[in-house]
Amino acid sequence: MEVDTSLSQSSSPVPLPLILQRPSVPAILIAQGAEALLFRSTYLLPSLPCALKYRPSKPYRHPTLDLRLTKHRILSEARVLTKCRREGVPVPGVYALDEGAGWMMIEWVDGEVVRIRLNEWLSRRAQEGVPQGVEDGKLVGLMRRIGSAVGRMHGVGVVHGDLTTSNLMLRPVPAEGVNGGGMLDGEIVLIDFGLASQSTQDEDRAVDLYVLERAFGSTHSKAESLFTEVLGAYEKSFKGANIVLKKLEEVRMRGRKRSMLG
Amino acid sequence: MALECINLEHVPASHTIHAALFQNIKNASFLHQQLLAGNTEFEYALIDASVIISRLHALAAIYRAVNDLLGNKLRSRNVHSEIVFSLSPNNNIAESFRRFGISPETTSLLVIKVSTPSSPAAGEDIQSHLSKVVDGEQVDFSDGVLRAMTDMVRVKKIYKLNYSSGVNGRGKENAVYGSDRTSQDSKELEMLILGSMALRGATN
Ligand SMILES: Nc1ncnc2c1ncn2[C@@H]1O[C@H](COP(=O)(O)OP(=O)(O)OP(=O)(O)O)[C@@H](O)[C@H]1O
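Rules used in this analysis
- Residues numbered from 1 in each chain as written.
- Chains lettered and ligands numbered in written order.
- Predicted model: local features only at pLDDT ≥ 70, side-chain atom pairs only at ≥ 80, totals over all residues.
- Heavy atoms only, no water.
- Pairing = 2+ DSSP bridges.
- Helix = DSSP H or I, 4+ residues; strand = E, 2+ residues; numbered from the N terminus.
- Contact = heavy atoms within 4.5 Å.
- Axes fitted to C-alpha atoms, helices over the stretch in contact; angles between N-to-C directions.
- Core = buried A, V, L, I, M, F, W, Y, C linked by side-chain atoms within 4.5 Å.
- Buried < 20%, exposed > 50% of the residue type's maximum accessible area, 1.4 Å probe, protein only.
- pLDDT = per-residue confidence, 0-100.
- Domains from an automatic or database assignment.
- Buried area = accessible area lost by both parts, 1.4 Å probe.
- Salt bridge = Lys/Arg side-chain N within 4 Å of Asp/Glu carboxyl O.
- Near = heavy atom within 4 Å.
- Polar contact = N/O pair within 3.5 Å; in protein donor to acceptor, adjacent residues only side chain to side chain.
- Areas by Shrake-Rupley, 256 points an atom, 1.4 Å probe, with all protein chains shown as cover.
- Nonpolar A, V, L, I, M, F, W, Y, C, P; charged D, E, K, R; others polar.

> Even after reading the chapter, I still don't get the sheet that holds strand β8 (residues 168-171) of chain A, so can you show me in this structure?
For sheets, the rule is that strands pair by backbone hydrogen bonds, running either parallel or antiparallel. Residues and elements named next belong to chain A. Taken in spatial order, the 3 strands of this open sheet run β6-β8-β9, and their pairing is antiparallel. Edge positions in the sheet fall to β6 (112-113) and β9 (187-190), since each has one partner strand and no second. Relative to β9, β8 runs antiparallel, the two being bridged by 4 bridges. When the sheet's bridge partners are listed, methionine 169 is paired in β9 with valine 189. Against the sheet, helix α4 (residues 137-155) contacts β8 and β9, and its axis sits at roughly 40 degrees relative to β9.

Here it is, written out as structure tokens:
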């Protein structure tokens, strides 16, 4: 009754956590992944939006194991987020969590994921008939901001584990605004630390970069050629980044061999 | 200035929160003594307001304590002691009472009362009791008033926050601070404090 009815009426029934059955501004389902549901909800006050990540129990798993896994995942994601935030890595802050109930509330990030912004920008340019490589300034700037944000994260000893353009958000900066040509403007915010871990291994860092590079290659091939801008900014962002870039070459080689065999 | 009744998001209407803020407290020793003696007329969270940076900071602790009450997960005696414990970044309950609870030296006091179905309390009764027993000046429970009471050095020490001076401090190049730099800084501080509180006990 307190919950947005569009949720309960949607075709596949969405399991609502108990917390969303209590009085609040109606929650909105934003994304439904294999492991987690993400709602836009509120924290403490109707005026303070939050992202509520809920990991429903899996009926096919043994209940005890299921609960242990869920708790572990919630706690590990929350722990990595707070560590990042404390050390100045741009990520959503953690508001509250209830690992037993399977949820965590984090800061709501305005804006859109990079994947969507980039595709909009690329298709608009294609429509306008701007050739590749011309007026790429905005895109170059975006790639560099991505490189620094990732480098900052690696520099504090965190690897993401699933670094795609869907897990990078562009938060509008108050002064600039989204419209007026600023589609690629904004601050990079890293999200979805469900597979993240604390590591300073160059191999793990290089795999993060490789995954991101592949993500650019597969979904925004027109931007792929500018991936060197990501790596350039990454290299300057922390001590030891150059070693990671060496490692990246090895990881690429392995990837290529694997795809030749496969 | 009167007692404020607060409804929090995701808290059932059966659990109402009442808050009152006082300054220039003269009888902190007496009030502290009532808690130590377990006087049942003093079932309040009595918080030293000098370690509270904002309304949100206090509300976050209240929310966590009420959520833990609803989930049968209280770690301390009751929801009121749990509110004080919920301000803590670690699992040491006694230490949390010393740091965040009233002490004989307290001069600014935040009083929270949670009315529950098993122990209902009406606003008027709470207000008249507080007016009688608290020797101090009741003030607005607002960010502005709280800010003037906050001992920022102590707060940063308790939550181990020296982010602006650290090597990995939130540098100017990635955080786009507008002209309102100090208010941005205190918002960031608040975010880090909420994170520490939320992660309390997340040790495995
Ligand atoms: N803090 C946030 N603020 C605003 N939107 C967010 C936030 N976190 C996530 N989102 C949105 O919700 C989507 C899903 O979030 P997230 O990736 O964390 O969940 P997930 O279920 O683990 O995803 P996946 O199944 O892709 O791993 C994101 O792509 C983004 O659009």
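> Looking at this model, I keep getting lost on the nonpolar core. Mind explaining?
If you look at the biggest cluster of nonpolar residues, it comprises 59 residues, and the most contacted ones within it are Tyr43 and Met105 of chain A together with Tyr63 and Ile112 of chain B. The element contributing the most residues to this core is helix α2 (residues 55-70) of chain B, with 9 residues. Those residues in contact with tyrosine 43 of chain A that sit more than four places away from it in its chain are Leu48, Cys50, Tyr95, Ala96 and Met105 of chain A together with Ala60, Tyr63 and Leu194 of chain B. Ranked by size, the runner-up nonpolar core spans 57 residues in total, among them Ile106, Leu118, Ala206 and Leu248 of chain A.

> What am I meant to see in the confidence of the model for chain A here?
Should the pLDDT be low somewhere, the predicted coordinates at that spot are not to be read in detail. When pLDDT is averaged across chain A, the result is 90; 92% of the residues are at 70 or more. In the predicted structure, residues 1-11 of chain A sits below a pLDDT of 50 and forms 14 contacts with residues beyond four places in sequence or in another chain.

> Please clarify how the domain arrangement of chain A should be interpreted in this entry.
Interface size, as often reported, equals the accessible area lost upon joining of the parts. Residues and elements named next belong to chain A. Assigned domains of chain A: these are domain 1 (9-107) and domain 2 (112-261). Spacing between the C-alpha centres of domain 1 and domain 2 amounts to 26 Å. On the domain 2 side, the residues contacting the 14 residues of domain 1 number 16 residues. Both sides together, the interface formed by domain 1 and domain 2 hides about 1300 Å², and carbon and sulfur atoms give 63% of it. At the junction of domain 1 and domain 2, the tally comes to 2 salt bridges.

> Explanation requested: the site of the ligand in the structure shown.
All names here are of chain A. Not every one of the 18 residues close to the ligand is listed here, only the nearest: Leu38, Lys53, Glu107, Val109 and Asp192. Here a nitrogen atom of the ligand sits 2.8 Å away from a polar atom, N or O, in the main chain of valine 109. Taking aspartate 192, its side chain carries an N or O atom lying 2.7 Å from an oxygen atom of the ligand. Considering the ligand on its own, with 620 Å² of exposed area, one finds that the protein chains cover 78% of that surface. Those elements giving two or more residues to the shell around the ligand turn out to be β1 (28-32), β3 (49-54) and β5 (103-107). When the residues that make up the shell around the ligand are grouped by side-chain class, the tally is 12 nonpolar, 3 polar and 3 charged. Counting only domains with at least three residues in the shell around the ligand, you end up with domain 1 (9-107) and domain 2 (112-261).

> What is the right way to look at the pairing of strand β4 (residues 109-115) of chain B in this model?
Along a regular strand, successive side chains alternate from one face of the sheet to the other. Residues and elements named next belong to chain B. Most of β4 is tucked away, with 7 of its 7 residues classed as buried. Burial along β4 is two-sided: Leu109, Val111, Lys113 and Ser115 and Leu110, Ile112 and Val114, pointing in opposite directions, are all buried. As defined by bridge partners, strand β2 (residues 16-23) adjoins β4 across 7 bridges and the pair is classed as antiparallel. Counterpart to phenylalanine 22 in the pairing with β4 is leucine 109. In terms of strand pairing, strand β3 (residues 45-48) meets β4 through 4 bridges, oriented antiparallel. Paired with isoleucine 47 across the two strands is leucine 110, which belongs to β4.

> Would you mind going over the sheet that holds β1 of chain A with me for this structure?
All names here are of chain A. The strand order β1-β2-β3-β5-β4 describes an open sheet built from 5 strands, whose pairing is antiparallel. Strands with a single pairing partner mark the edges of an open sheet, and in this sheet they are β1 and β4 (94-98). Sheet twist, expressed as the average angle between the axes of neighbouring strands with direction ignored, equals 25 degrees. Sheet topology places β4 next to β5; 4 bridges connect them, and they run antiparallel. Considered in β5, the bridge of valine 94 is made with isoleucine 106. Taken strand by strand, helix α2 (residues 63-86) contacts β3, β4 and β5, and its axis lies near 20 degrees from that of β5.

> Would you explain the interface of chain A and chain B in this entry?
Contacts between the two partners involve 36 residues from chain A, matched on the other side by 37 residues from chain B. Both faces combined, the contact of chain A with chain B buries some 3000 Å², and carbon together with sulfur accounts for 54% of it. In this assembly, chain A and chain B are joined by 2 salt bridges. Measuring nitrogen to oxygen at the nearest pair gives 2.8 Å for the salt bridge that ties arginine 85 of chain A to glutamate 188 of chain B. The interface formed by chain A and chain B holds 15 residue pairs in polar contact (both at pLDDT 80 or more) in total. Within the residue set of the side of chain A that touches chain B, elements represented by two or more residues are β2 (37-42), α2, β4 and β5 of chain A. Among the elements that line the side of chain A that touches chain B, the one with the most residues is α2 of chain A, at 6 residues. Of the residues in the side of chain A that touches chain B, the class split is 21 nonpolar, 6 polar and 9 charged.

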